[in-house]
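Examination of the molecular architecture
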Amino acid sequence: MSNSNPTSPTSPTSPTSPTSPTSLEALYVIWTDLKLDSTYLQQADLPEQGAGLPSSYAIGTAAQCSIGAAALSAAAIYHLRTGKQQQVRVCRTAAEAECTAYFKLNGKTPDSWEKFSGLYATRDGWVRIHANFDHHRDGVLDLLNLPGADQAEPDDVRNALSGWGAEAFENAAAERGLVVSMVRDFATWAQHPQHLASLHQPLVNITRISDGPARKLQPLAGLERPLAGVRVLDLTRILAGPICGRTLAAYGADVMLLNSPQLPNIAAITDTSRGKRSAHLDLKTAAGLQTLRDLLHTSHVFVQGYRPGGLSDMGLAPADLAKIRPGIIYVSLSAYGNYGPWAERRGFDSLVQTAAGFNHAEAAAAGSATPKSMPVPILDYASGFLMAFGAQAALWRQLQEGGSWHVEVSLLQTANWLRNLGRLQNGFSVPRIDVRKRLQKFPCQEGELLALPHAAEFSRTPATWVRPSAPPGTDLPSW
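Residues numbered from 1 in each chain as written. Predicted model: local features only at pLDDT ≥ 70, side-chain atom pairs only at ≥ 80, totals over all residues. Heavy atoms only, no water.

**Focus on the overall build of the protein**
Across its full length, the protein carries 16 helices and 16 strands. Against the globule reference of 23 Å for 479 residues, the protein gives a C-alpha radius of gyration of 21 Å, in line with a compact fold. Viewed in the frame of its principal axes, the protein has a C-alpha envelope of about 65 × 55 × 45 Å. Residue pairs at least 24 apart in sequence account for 77% of intrachain contacts in the protein once pairs closer than 6 positions are excluded. Surface summary for the protein: the accessible area is close to 18900 Å², and the carbon and sulfur share equals 50%. Across the protein, the centroid of the 42 positively charged side chains sits 5 Å from that of the 41 negatively charged ones. (Helix = DSSP H or I, 4+ residues; strand = E, 2+ residues; numbered from the N terminus. Rg over C-alpha atoms; globule rule 2.2 N^0.38 Å. Contact = heavy atoms within 4.5 Å. Areas by Shrake-Rupley, 256 points an atom, 1.4 Å probe, with all protein chains shown as cover. Lys, Arg positive; Asp, Glu negative; His and termini not counted. Charge placed at Lys NZ, Arg CZ, Asp CG, Glu CD.)

Here it is, written out as structure tokens:
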């Protein structure tokens, strides 16, 4: 089961502008592309008025639609488990606010970027460097023959890059496993082999891995949330994957975040860990792998953000997990998808935006002489919500048809989808959301966490996070 094309048209019974669909029209497409019951769409309310985010792209539509899809699929599972329906409402302003990734911990807003991360001019263009992790930062400095981070400054990087060609530096960085993208325009990206490989790939791909009986979940008691009793293993680290797990936790799932004790994390982990258990597990050890297999025996969903094929050598490919745990829902996130020359290339939201033409086009729309990022990490957030949507769509199938299922989402396919939602002629004139007025206090073991609530409102089972946000390693890797 997969949607046929990320740019598929809306239904003839759902009239829309050919370039700018409404959020409901966009939801209709991605919902019916996965062959889900279209009668559930009557339970979705996506009002579009309100303050927004300045951009030439339909960020509000992407945010509202992806959250709406995740929430509506939770309502569908709730109906399957109880026979009762509930309405789902997602306001556009609330959806856009959630996608800003804004939060405050103990009165402070953590820095989003390390000082060497950002945009740099080269001899013939621009590149964007992602240096939030020390090993990526140190690798870039070494590639440029610069001293260590305690001695070098961003100006040293600028001077060193003035002698490089943009594409040459992008390629040299990729060969070393670093994360750098050349700024391209849409015309240049249109000829790139990775873009060509992505053209016929679906936005959310769901395939059946193996056959097997339908799973039964315990009946819901009272007003338990839709995913109560559903166990999710979350092996993701940066924004998109953790947003998926956080969303499933808001809908009642028991989510366990598994981090390697050897790997660093970004500050946003405090925000994205709401509602989750948080444990350490080293998959490079035999004991760690065995613990994961033990956890899998009673899990329902497995979410991972490794590069395509990264778990295969550990015996954790989709087919392997279907044997370990028949009926598993296996969710995979990648930067550029599973096909094409960049399938195994590292990438983050900012890098995909840069490589695929968005920063160049956003700058042109804003009248900027330098490339311009979109105002929020929408590729990360929309992809995270789409992962949650795909996981629940597959679970909805599994509960009725049985089998094990594989869900695939990539930042590039989300970018293709966003581009297909159309451009806004006056997008930079919209009044900007003041997210500070929307902050709420959430339980956190590290102090006072002020963060943004989930944008989806349920008529019966409000989305909420029961477990406090906790640092990695707080919990034991055990259900």
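**Comments concerning the side chain of His-130**
Within the element layout of this structure, His-130 appears in the loop between β5 (126-129) and α4 (134-143). Under the relative-accessibility criterion, His-130 is labelled buried at 6%. (Buried < 20%, exposed > 50% of the residue type's maximum accessible area, 1.4 Å probe, protein only.)

**Focus: the sheet that holds strand β12 (residues 329-334)**
Spatially, the seven strands line up as an open sheet ordered β7-β13-β12-β11-β8-β9-β10, and their pairing is mixed. Of all the strands in the sheet, just β7 (205-210) and β10 (276-280) have a single pairing partner and so form its edges. When strand polarity is set aside, the average angle formed by the axes of neighbouring strands in this sheet is 20°. Contacts between helix α15 (residues 378-401) and the sheet are confined to β7, β11 (301-304), β12 and β13 (404-410), with β13 contributing the most and set at about 165° to the helix. Across the sheet, helix α16 (residues 411-420) touches β12 and β13, and the angle it forms with β13 is around 65°. (Pairing = 2+ DSSP bridges. Axes fitted to C-alpha atoms, helices over the stretch in contact; angles between N-to-C directions.)

**Let's talk about the sheet that holds strand β6 (residues 180-182)**
Spatially, three strands are ordered β4-β5-β6 in an open sheet, and the strand pairing comes out antiparallel. Both outer strands of the open sheet, β4 (118-121) and β6, are each paired with one neighbouring strand and no more. Averaged over all pairs of adjacent strands, the angle between strand axes in this sheet comes to 25°, irrespective of strand direction. Pairing analysis gives four bridges linking β4 to β5, with the strands arranged antiparallel. Residue Ala-121 lies in a different strand from β5, and its bridge partner there is Trp-126.

**Focus: the pattern of salt bridges**
Applying the stated criterion across every chain yields a total of 19 salt bridges. With a shortest N-O distance of 3.4 Å, Glu-98 and Arg-246 are connected by a salt bridge. Residue Glu-98 is found in helix α3 (residues 92-98), and its partner Arg-246 is found in helix α9 (residues 240-250); the two are separated by 148 residues along the sequence. A relative accessible area of 1% places Arg-246 in the buried class. The partner of Arg-246 in a salt bridge is Asp-271, and the shortest N-O contact between them spans 3.1 Å. (Salt bridge = Lys/Arg side-chain N within 4 Å of Asp/Glu carboxyl O.)

**Looking at the pairing of strand β9 (residues 254-259)**
Counted residue by residue, β9 has six buried out of six residues, so it is predominantly covered. Residues Asp-254, Met-256 and Leu-258 of β9 are buried on one face, and the alternating residues Val-255, Leu-257 and Asn-259, pointing to the opposite face, are buried as well. Summarising the sheet, strand β8 (residues 231-235) and β9 pair through four bridges and their orientation is parallel. In the strand pairing of β9, Asp-234 is matched with Leu-257. In this region the chain leaves β8, passes through α9 and returns to the parallel neighbour β9; the handedness of that crossover is right-handed. Both β9 and β10 contribute to a ladder of five bridges, which runs parallel. (Right-handed = clockwise from strand over helix to strand, strands pointing away.)

**Remarks on the packing of helix α1 (residues 23-33) against helix α2 (residues 59-82)**
Two elements in contact, α1 and α2, have axes separated by 9 Å at closest approach and are oriented at 50°. The angle between α1 and α2 falls in the class oblique. Judged by the sense of rotation from one axis to the other, the crossing of α1 with α2 is right-handed. For the pair formed by α1 and α2, the contact residues are Ser-23, Ala-26, Leu-27, Ile-30 and Trp-31 on the first element and Gly-60, Thr-61, Gln-64, Cys-65, Gly-68, Ala-69, Leu-72, Ser-73 and Ala-76 on the second. Residues that form the contact of α1 with α2 fall into these classes: eight nonpolar, six polar and no charged. (Parallel < 35°, antiparallel > 145°, perpendicular 65-115°, else oblique. Left-handed = near helix turned anticlockwise from the far one by under 90°. Nonpolar A, V, L, I, M, F, W, Y, C, P; charged D, E, K, R; others polar.)

**Let's talk about the packing of aromatic side chains**
Applying the stated criterion across every chain yields a total of twelve aromatic pairs. Consider the rings of Trp-31 and Phe-389, whose centres lie 5.8 Å apart with planes at 20°: the pair is stacked. Of this pair, Trp-31 sits in helix α1 while Phe-389 sits in helix α15; the two residues are 358 residues apart in sequence, bridging distant segments of the chain. Pairing Trp-189 with Trp-342 gives two aromatic rings, centres 5.8 Å apart and planes at 50°, and the pair type is tilted. You can see Trp-189 sitting in helix α7 (residues 186-190) and its partner Trp-342 sitting in the loop between β12 and α13 (349-355), a full 153 residues away along the chain. (Phe/Tyr/Trp six-rings, centres within 6.5 Å; stacked < 30°, edge-to-face > 60°.)

**Structural notes on α9**
Summarising burial for α9: eleven of the eleven residues are buried, a large majority. Listing the buried residues of α9 in full gives Ala-240, Gly-241, Pro-242, Ile-243, Cys-244, Gly-245, Arg-246, Thr-247, Leu-248, Ala-249 and Ala-250. Positive backbone phi, at 110°, marks Gly-252, one or two positions downstream of α9.

**Re helix α14 (residues 358-366)**
Looking at α14, one finds that the buried residues are Phe-358, Asn-359, Ala-361, Glu-362 and Ala-363. Within two residues after α14, Gly-367 carries a phi angle of roughly 75°, on the positive side.

**Section: the packing of α2 against α15**
With their axes 9 Å apart at the nearest point, α2 and α15 run at an angle of 20° to one another. By the angle between their axes, α2 is roughly parallel relative to α15. The two elements α2 and α15 meet at a crossing, and its hand is left-handed. Contacts from Ile-59, Ala-62, Ala-63, Ser-66, Ile-67, Ala-69, Ala-70, Ser-73, Ala-74, Ala-76, Ile-77 and Leu-80 in α2 reach Ile-378, Ala-382, Phe-385, Leu-386, Ala-388, Phe-389, Gln-392, Ala-393, Leu-395, Trp-396, Leu-399 and Gln-400 in α15. Residue classes in the contact of α2 with α15 are distributed as 20 nonpolar, four polar and no charged.

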